[in-house]
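Observations on the three-dimensional arrangement
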2 protein chains.
Amino acid sequence: MNEIEVFRKYVKESGLRNTPEREVIIEEIFLTHDHFDVDTLYLCLKNKKCSISKASIYRTIPLLIESGLIKEVFFEDGHMHYEHVLGHEHHCHFRCLGCGKIIEFKEDEVMDIEKKCSESYGFEVTGHKLELFGYCRECLKKEGKDRKVSTIDRVDVD
Amino acid sequence: MNEIEVFRKYVKESGLRNTPEREVIIEEIFLTHDHFDVDTLYLCLKNKKCSISKASIYRTIPLLIESGLIKEVFFEDGHMHYEHVLGHEHHCHFRCLGCGKIIEFKEDEVMDIEKKCSESYGFEVTGHKLELFGYCRECLKKEGKDRKVSTIDRVDVD
DNA sequence: ATTATTATTGAGAATCTATTGCAATAATAA
DNA sequence: TTATTATTGCAATAGATTCTCAATAATAAT
Ligand SMILES: [Mn+2]
Ligand SMILES: [Mn+2]
Ligand SMILES: [Zn+2]
Ligand SMILES: [Zn+2]
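Residues numbered from 1 in each chain as written. Chains lettered and ligands numbered in written order. Predicted model: local features only at pLDDT ≥ 70, side-chain atom pairs only at ≥ 80, totals over all residues. Heavy atoms only, no water.

Attention now goes to the coordination of the zinc ion (ligand 4). Residues and elements named next belong to chain B. Protein coordination at the zinc ion (ligand 4) comes from C96 (SG), C99 (SG), C136 (SG) and C139 (SG), with a distance range of 2.2 to 2.4 Å. Here the zinc ion (ligand 4) binds four donor atoms, and the angle range of 103 to 117° at the metal identifies the geometry as tetrahedral. By relative accessible area, which is 39% here, C99 ends up partly exposed. The buried category is assigned to C139, whose relative accessible area is 5%. (Donors = N, O, S within 2.8 Å, 3.2 Å for Na, K, Ca; no water. Tetrahedral: all angles 85-135°; square planar, octahedral: opposite > 155°, others 65-115°. Buried < 20%, exposed > 50% of the residue type's maximum accessible area, 1.4 Å probe, protein only.)

Shown next, in the form of structure tokens:
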């Protein structure tokens with residue numbers, strides 16, 4: 001089931017109505033794997049001549065979250081940033097405090113924490129959000145700082 | 001060094017000036033361990049007759065973050081929520097999607113992830129934010145759901 | 001197909017959060 | 001005590017999101 005089919009199913013089951021505007025929004029969001037915010041999405045569609053009002057975009061976002069197509073990633077510069085979920089493996093985010101860059105990385109150990117938390121507190125954990133802060137390799141080089149822990153030059157994990 | 005002393009030191013070293021307004025804000029923030037937002041802080045001080053303008057509160061928040069006294073915790077209901085840091089052990093947050101409750105818990109394993117991330121990518125990791133989502137014990141009981149993983153009734157961890 | 005029902009749209013107004021300009025005030029240094 | 005200038009409070013502003021409402025169109029019923 002692709003993103004459009006998922007949304008159609010969700011819409012039907014929720015007693016809502018599907019519209020071309022919503023499908024255009026979904027298609028644009030799933031075109032790239034980048035993080036996005038309402039304004040860039042709005043301008044992007046405007047440039048492609050398939051302009052959709054901001055109100056409709058704002059009204060569609062909660063539906064896309066509810067249907068599991070997108071999720072909130074981080075709040076920055078006064079507004080929320082999102083990413084699509086379907087077909088995009090779960091990952092964490094590293095934010096460089098030097099250059100502002102966001103770097104994605106995969107990390108399974110958080111699942112252990114989830115499990116431990118379930119067992120210990122009786123929670124049902126359905127998801128998580130992990131963000132690391134610090135300085136990226138480029139910023140460390142630029143400032144001539146040394147990395148704290150290691151000097152190995154690997155990029156692969158797991 | 002308590003929070004006021006830390007702030008005085010920070011202010012001096014940064015070439016800023018300390019003011020009674022700022023100390024009132026800090027004292028209020030360190031009165032309880034609760035999460036807070038600008039508006040509740042403002043109203044709280046207003047009720048205590050030590051009213052301080054919202055502009056000053058907004059202008060003080062970045063200084064408190066910079067000096068390491070508070071940090072951002074989560075963005076909810078259209079605005080940021082904070083907590084004080086000094087004298088408050090680092091912890092993660094579990095958010096119940098049922099009742100909205102935020103539950104704090106301690107978790108050391110994230111440090112391993114930080115370390116692994118440093119070593120693998122050459123980042124200098126200075127901090128993290130981990131949030132788990134799901135349903136708390138009370139909400140699970142209310143809905144008659146069963147917990148996924150365990151039925152043990154412990155609350156202590158580590 | 002036609003009609004009825006009502007969710008959705010777009011435009012702009014309204015609301016809410018956060019920032020900024022400015023004159024008065026007050027913290028620090030000389 | 002005086003000079004310097006950061007800070008304050010207030011009001012204006014900017015920016016993000018929600019809301020109002022009339023027109024439109026998706027779905028269900030006929
Ligand atoms: Mn991402
Ligand atoms: Mn907390
Ligand atoms: Zn960087
Ligand atoms: Zn709950």
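Attention now goes to the pattern of salt bridges. Tallying each qualifying case throughout the model produces 20 salt bridges over all chains. Here E109 of chain A and K116 of chain B are joined by a salt bridge, their closest N and O atoms 3.3 Å apart. Residue E109 of chain A is found in helix 5 (residues 109-121), and its partner K116 of chain B is found in helix 5 (residues 109-121); the two belong to separate chains. Here E109 of chain A falls in the buried class, since its relative accessible area comes to 18%. Linking R95 of chain B and E76 of chain B is a salt bridge whose minimum nitrogen-to-oxygen distance equals 2.4 Å. With R95 of chain B in strand 3 (residues 92-96) and E76 of chain B in strand 1 (residues 70-76), this residue pair connects regions lying 19 residues apart in the sequence. It is possible to trace a salt-bridge network through shared partners that takes in E76, R95 and E131 of chain A. (Salt bridge = Lys/Arg side-chain N within 4 Å of Asp/Glu carboxyl O. Helix = DSSP H or I, 4+ residues; strand = E, 2+ residues; numbered from the N terminus.)

Of all residues adjacent to DNA strand C, which total 18 residues, the nearest are R17, S53, S56 and R59 of chain A together with Y58 of chain B. Here a base oxygen of DNA strand C sits 2.8 Å away from a polar atom, N or O, in the side chain of R17 of chain A. Taking R22 of chain A, its side chain carries an N or O atom lying 2.9 Å from a phosphate oxygen of DNA strand C. The set of elements that each furnish at least two residues to the surface near DNA strand C consists of helix 2 (20-29) and helix 4 (54-66) of chain A together with helix 4 (54-66) and strand 2 (79-84) of chain B. Here the element with the most residues in the surface near DNA strand C is helix 4 of chain B; it accounts for three residues. (Near = heavy atom within 4 Å. Polar contact = N/O pair within 3.5 Å; in protein donor to acceptor, adjacent residues only side chain to side chain.)

Note that every value here comes from positions in space, so none of it alone points to a role or purpose.
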